[in-house]
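Now for the letters of each chain:
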Amino acid sequence: MKTMVPAGGCTGPCVYPAVPDGGWGWVVAGAFFVVEVCTYGTIKSLGVFLEDLMEEFGESNSRVSWVIAICVFVFNFSAPLASVLSNRFGCLPVAVTGGVLVCLGTISSAFTTSINQMYVTIGVVSGLGYCLSFLPTVTMLAQYFSRRRTLVTSMASSGESFAVFAFAPAFMTLKKRIGWRSCLIIIGLIQTAVIGCGFLLRPIVIRPPAAEPASTDERDDDDDASEEGSVVSLKDDFELENEQTKASIGSEDSGITSLSTSCNELPAAVAAAPTAAAADPQDEADSLMEAQREAEPAAPRPKLLDFSGLRDSVFICYSLFGLFATLGFFAPQLYVIRLSKSRGVADDMASYMLCAMAVAEVCGRLSIGVVLGRRATGKLRVLLACVALLCLVLVAFALVRDFWGLLSCCVLYGFFLGMVASTHIPMLAEEEVVGVERMASSVGLYVCIQSFAGLAGPPLGGWLVDITDNYGSAFYSCAVGMGLGAVCLALVGPAKARASRRRGEEAGDHGDQARDPPGRPDDDDQDFLEVDLAPEGLGRGRSPTVA
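Residues numbered from 1 in each chain as written. Predicted model: local features only at pLDDT ≥ 70, side-chain atom pairs only at ≥ 80, totals over all residues. Heavy atoms only, no water.

Draft legend 1. Structural detail: the overall build of the protein chain. Broken down by element type, the protein chain carries 23 helices and four strands. Going through the 547 residues of the protein chain one by one, you find that 49% of them count as buried. Contacts spanning at least 24 positions in sequence make up 81% of the contacts within the protein chain whose residues lie at least 6 apart. Element-wise, carbon and sulfur atoms account for 61% of the exposed surface of the protein chain, whose accessible area totals about 25,600 Å². (Helix = DSSP H or I, 4+ residues; strand = E, 2+ residues; numbered from the N terminus. Buried < 20%, exposed > 50% of the residue type's maximum accessible area, 1.4 Å probe, protein only. Contact = heavy atoms within 4.5 Å. Areas by Shrake-Rupley, 256 points an atom, 1.4 Å probe, with all protein chains shown as cover.)

Draft legend 2. Highlighting the nonpolar core. Of all hydrophobic cores here, the largest spans 128 residues; its most connected members are M118, Y144, Y318, F321, V336 and F397. The biggest single contributor to this core is helix α7 (residues 115–144), with 12 residues. If we ignore the near neighbours within four places in the chain, the residues touching Y144 are C14, Y16, V19, P20, D21, G22, W24, G25, V28, R202, P203 and I204. (Core = buried A, V, L, I, M, F, W, Y, C linked by side-chain atoms within 4.5 Å.)

Draft legend 3. Here's a closer look at the packing of helix α17 (residues 331–342) against helix α22 (residues 472–490). α22 packs onto α17 with a crossing angle of 155 degrees between their chain directions and a minimal axis gap of 9 Å. With respect to their mutual orientation, α17 and α22 come out roughly antiparallel. Our pair here, α17 against α22, has a crossing hand that is left-handed. Contacts from A331, P332, Y335, V336 and L339 in α17 reach G472, A474, F475 and C478 in α22. Residues belonging to the contact of α17 with α22 are distributed by class as follows: eight nonpolar, one polar and no charged. (Axes fitted to C-alpha atoms, helices over the stretch in contact; angles between N-to-C directions. Parallel < 35°, antiparallel > 145°, perpendicular 65-115°, else oblique. Left-handed = near helix turned anticlockwise from the far one by under 90°. Nonpolar A, V, L, I, M, F, W, Y, C, P; charged D, E, K, R; others polar.)

Draft legend 4. Spatial organisation of empty space enclosed by the protein. All told, the structure shown has four cavities of 30 Å³ or more when counted by the stated rule. Empty space within the largest cavity amounts to approximately 90 Å³. Around the largest cavity, the lining is made up of 13 residues, and of these L46, F49, L53, V67 and I68 lie nearest the centre. Of all the elements in the fold, those that place two or more residues in the lining of the largest cavity are α3 (50–57), α4 (61–77), α7 and α10 (180–190). The leading source of residues in the lining of the largest cavity is α4, at three residues. Class assignment of the residues belonging to the lining of the largest cavity gives a composition of 12 nonpolar, one polar and no charged. Approximately 50 Å³ is the volume attributed to the second largest cavity. Along its surface, the second largest cavity is lined by G47, V48, L50, E51, M172, K175, L334, I337, R338 and K341. (1 Å grid on protein atoms, 1.4 Å probe; cavity = no way out; pocket = protein on both sides within 12 Å on 5 of 7 lines; lining within 4 Å. Points joined across faces, edges and corners; volume = space filled by probe spheres on them.)

Draft legend 5. Here's a closer look at the pattern of salt bridges. Overall, the coordinates contain eight salt bridges when judged by the stated rule. The salt bridge involving E51 is made with K341; its shortest N-O contact spans 3.3 Å. On the criterion of sequence distance, the pair formed by E51 in helix α3 and K341 in helix α17 is long-range, its members being 290 residues apart. A salt bridge links R365 to E361; its shortest N-O distance comes to 3.0 Å. Highlighted residues: R365 and E361, both in helix α18 (residues 347–373), separated by four residues, approximately one helical turn. Neither R365 nor E361 differs from the other in exposure class; each is buried. Within the structure, one salt-bridge network assembled from shared partners comprises K44, E160, E361 and R365. (Salt bridge = Lys/Arg side-chain N within 4 Å of Asp/Glu carboxyl O.)

Limitation: the analysis is restricted to geometry and does not speak to function.
This is the structure in structure tokens:
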């Protein structure tokens, strides 16, 4: 029974005997759903105001698109900073700070007088707040779930799709009555919910259940094998110490465990905790966390930023996939309304393109969660198929001319986008890519690399629209980026196989050297045997030889 020991009120740590796969994790999942609504959901809905900003400030498509581009860039590029702050201070204060910045940036953008000011308010301030609130929340969610992690993450991440479904038609209607500036103030007030969600991110402490005392007969049997048991215990302690030194990157200050620590290692990290129940739950939780820190006194401080993944060909190929694929993640939502209007669709009906896209995206996220949850291998091939189909749909956007054709493209695009968007980051934890042990050190760098495509995607589409006077050109650029991403993703498998073969060859070479170390004479050349007959207490003099 995975029961929780409450500690420290509503913000203190949750103590479990094992990873709960539920419990307070369901509250964190609900918080992540709301954070998705207020971050990615808001970003994807800002395309509703594209035409209003162009008319208000007298700017071109590309100039206005830089608002979204800078926001997405700062969102992704500051991911390593959010990881460092979460490890140092904990997820709760970082997420709350992010919520404050999100509200401040969105509300202040309603009072701007130029597009350059919106680059700062929405682009920099809100973009940084999005990252500081999003990354700690998804990190904490991953710690509360193990077996259900993929499904729960897919369900919770659907919040952005529900936001687009609700926000797009609502703000299309509302801005006609109160104006786009008042709409931004309303969005900022809605985003205050992120602050409340930050206070729900309670750190988790895993305390293994105490072992039951052995019976008299069992103790007699154990006494007979005490010498062998002590040797095994020493071996296990040595292996545990080395495993913790290698893999643990938990914060000494925040009391949380990073993504790189697997669920099976969490109990080992607190194995030295006192087994007697404390009278005060807060004192018990504090003693557990203190024992966790004292369990590995010789462990070096973890690296705050790790760029070693740039030497891994598998990670490089996968990062290039994320870089190019991101070109097709945001521009379609930004331009699909203007594309529909240019094809003769009425204003009121054009907003429902985003609604259809959002509903299909929810279905895609849930579907991929179920499919990948039932597969132990071949997950990378499923992702590759989704990316390839997404590329074809982006090309179809530029070719269709009627309402139903555009609506069909929106449904297909939303479905496959939901599949790709909800899995491309968790896919890093699969052994086909980098593995769960290197997940924490890789995810920040991966998202940071993605940020450059987020910076270039919307302005590139806007520039093509300006020079061709055709909104379909923006979707061609997205299709090219998605196609290049599919090529890079297809190279991940061969790169992984080549890396495995190289490691196998190196292991074989090391084994040969261990069996026949350099400088040691061959058996055929030995004509005498050195035997050390000196007692241990008399020092190490030169031993006599026996022919």
